[in-house]
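One-letter residues, chain by chain:
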Amino acid sequence: MAIFSKQKKSESENTRHWDRLVTQIIDGNVIPVIGPEWLVDDQRGSNPHQILINDLAEAYELQARPVSFSELLYDKDFPASDRKNIYAMLGEAFEQPLFQPSQVLRRLLASKRFPFVITTSFTPVVEDIMREVWGQSLRVMNFSNDPSHNDDIKTRADIERPTVYYMFGRVCSSEHKYVVTDYDMLTFCKAWLSSAERPQNLTAELQNKYLLLLGNNYSDWLSRFVWFALKQRLESQPMGLVVDSQADESLMQFMRRIDAFVQNLPEEVIDKIEQMLNEREQQDSRFNKAPTGTDVFISYSRADSEVAAMLYDLLSARGLKVWYDRNSLGYGTNFMNEIIAGIRSTKLFVPIMTRNIEAQKNEYHPYRTEWQTAIDMASGYGRSFIMPVSEQGFDFYGSNVPDAIKACNAFLYNASAPDFTAFADEIEKILNSL
């Protein structure tokens, strides 16, 4: 008799995927990629593209009911002279709000857990929701299939800023600057595959991000292309989740091969995410609102949690106010904003350096953003601010750690018998002198 049935293995795999998704959300590592399906709440449907197609088909009195702009424009009853005018017609139509954004997407984005969002729709619906959530701090970026005008991020920190990125262009009156027809899609696809034309900094950052594809509902091979265009390397981790009500078995097999998974209904997905986040919050009451003006900020890799906890306990026992995210970082907030605020308001920054740091050099981890924030802060002080703690045997000075941190004297500890007493004494000495 088999120990594991096919059903049990499937349930276990599903649980693993959900746990990974929620963990990535908590770590601020998820980028939604939102398509036209489920964008709007409208009595005519949820896909603004199809609503526009239906309205144009009715206006031109077409007998057929096209399901794409290409079918519409090349219908035998559609005037050939008007084909090039489609971009100007759409651009003019969107000079005023046309659609009411869906409550499903409002629920997802209102949590402020996803500051950087990619949209594959040319309509400004996702932008409208993000502007409601983030206000004037929202940044709008656009890929218009023009190498001289395609937007790209400049630094890793940019992907933490509230941003809407139009992957296939934003609606305007110019021809072929956004995807309307099959020809547009092919030329945009070609550009995204070109290392010279695609946004190189953004695609580099996306390699270590978890992608949440919602409402794109593309054909099997177009879905694979979008995935590859954003990820570049299909063996990279983490991968992601596709929410597609029309996904066929071939696409689902592909997703399983790259260790991603597929769900059908966005509302059920968002319900599940909210439920699991609430459960995590209830399970770990140590997460509280972040304090300000701390004495020490401890920065560490999750792989070094035990060392960080030991150091926290020792410093806290001496009456020091310590930022340690297992105690200080709140759910329901933008975690990176709390981290940056914590570093800017602390007196001393203590990064923990171990072999794990070197092993993770090709992975995205928030602690590197912490390092850069601390380096920027240290440049304004005339005293010690960064005080590294390094595991003995780890080549701290020959590692990939930034030079500005290597320039600081590191306290060495024995990983088999950690003793931070002398380090805590030095911390207290510096704090007493401030």
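Bear in mind that the values here come from a model prediction, so they are computed numbers and not experimental data.

Draft legend 1. Main features of the packing of helix α7 (residues 182-193) against helix α9 (residues 220-231). One can describe the packing of α7 onto α9 by two numbers: an axis separation of 9 Å at closest approach and a directional angle of 35 degrees. Once α7 is placed against α9, the crossing between them reads as left-handed. Here M185, C189, W192 and L193 of α7 lie close against α9, whose contacting residues are L222, F225, F228, A229 and L230. Tallied by class, residues from the contact of α7 with α9 come to nine nonpolar, no polar and no charged.

Draft legend 2. Representation of helix α16 (residues 366-378) within the structure. Counted at 1.5 Å a residue, the expected span for α16 with its 13 residues is 18 Å, and the 19 Å between its end C-alpha atoms agrees. Residues of α16 that are buried include every one of P366, Y367, R368, T369, E370, W371, T373, A374 and I375, and no others.

Draft legend 3. Main features of the environment of R156. Within the element layout of this structure, R156 appears in the loop between β3 (139-142) and β4 (163-166). For R156 and R368, which are 212 residues apart along the polypeptide, the C-alpha to C-alpha distance reads 9.4 Å. Contact partners of R156, with chain neighbours within four places excluded, come to E205, Y364, R368 and T369.

Draft legend 4. Focus on the packing of aromatic side chains. Per the counting criterion, the structure on display carries 21 aromatic pairs. On the basis of an interplanar angle of 35 degrees and a centroid distance of 5.7 Å, the ring pair of Y300 and Y324 is categorised as tilted. Of this pair, Y300 sits in the loop between β8 (296-299) and α12 (305-317) while Y324 sits in the loop between β9 (322-323) and α13 (325-328); the two residues are 24 residues apart in sequence, bridging distant segments of the chain. Accessibility assignment for this pair places Y300 and Y324 in one class, buried. By way of ring pairs, the aromatic residues F69, Y87, F94, F99, F122 and Y178 are connected into one cluster. Here the guanidinium or amino end of K112 rests over the ring plane of W134, the centre of that ring lying 5.0 Å away.

Draft legend 5. Geometry of α7. Taking 1.5 Å as the rise per residue, α7 with twelve residues should run 16 Å; its terminal C-alpha atoms sit 17 Å apart, in good agreement. Buried within α7 are the following residues: D184, M185, F188, C189, A191 and W192. When α7 is viewed along its axis, its buried side chains cluster within an angular range of 160 degrees and face the same direction. Exposed positions of α7 whose direction lies more than 90 degrees from the buried face are Y183, L186 and K190. Contacts made by the buried residues of α7 are with α4 (86-93), β4, α8 (200-206) and α9.

Conventions adopted
- Residues numbered from 1 in each chain as written.
- Predicted model: local features only at pLDDT ≥ 70, side-chain atom pairs only at ≥ 80, totals over all residues.
- Heavy atoms only, no water.
- Axes fitted to C-alpha atoms, helices over the stretch in contact; angles between N-to-C directions.
- Helix = DSSP H or I, 4+ residues; strand = E, 2+ residues; numbered from the N terminus.
- Left-handed = near helix turned anticlockwise from the far one by under 90°.
- Contact = heavy atoms within 4.5 Å.
- Nonpolar A, V, L, I, M, F, W, Y, C, P; charged D, E, K, R; others polar.
- Expected span 1.5 Å × (residues − 1).
- Buried < 20%, exposed > 50% of the residue type's maximum accessible area, 1.4 Å probe, protein only.
- Phe/Tyr/Trp six-rings, centres within 6.5 Å; stacked < 30°, edge-to-face > 60°.
- Lys NZ or Arg CZ within 6 Å of the ring centre and 35° of its normal.
- Arc of directions from axis to C-beta.

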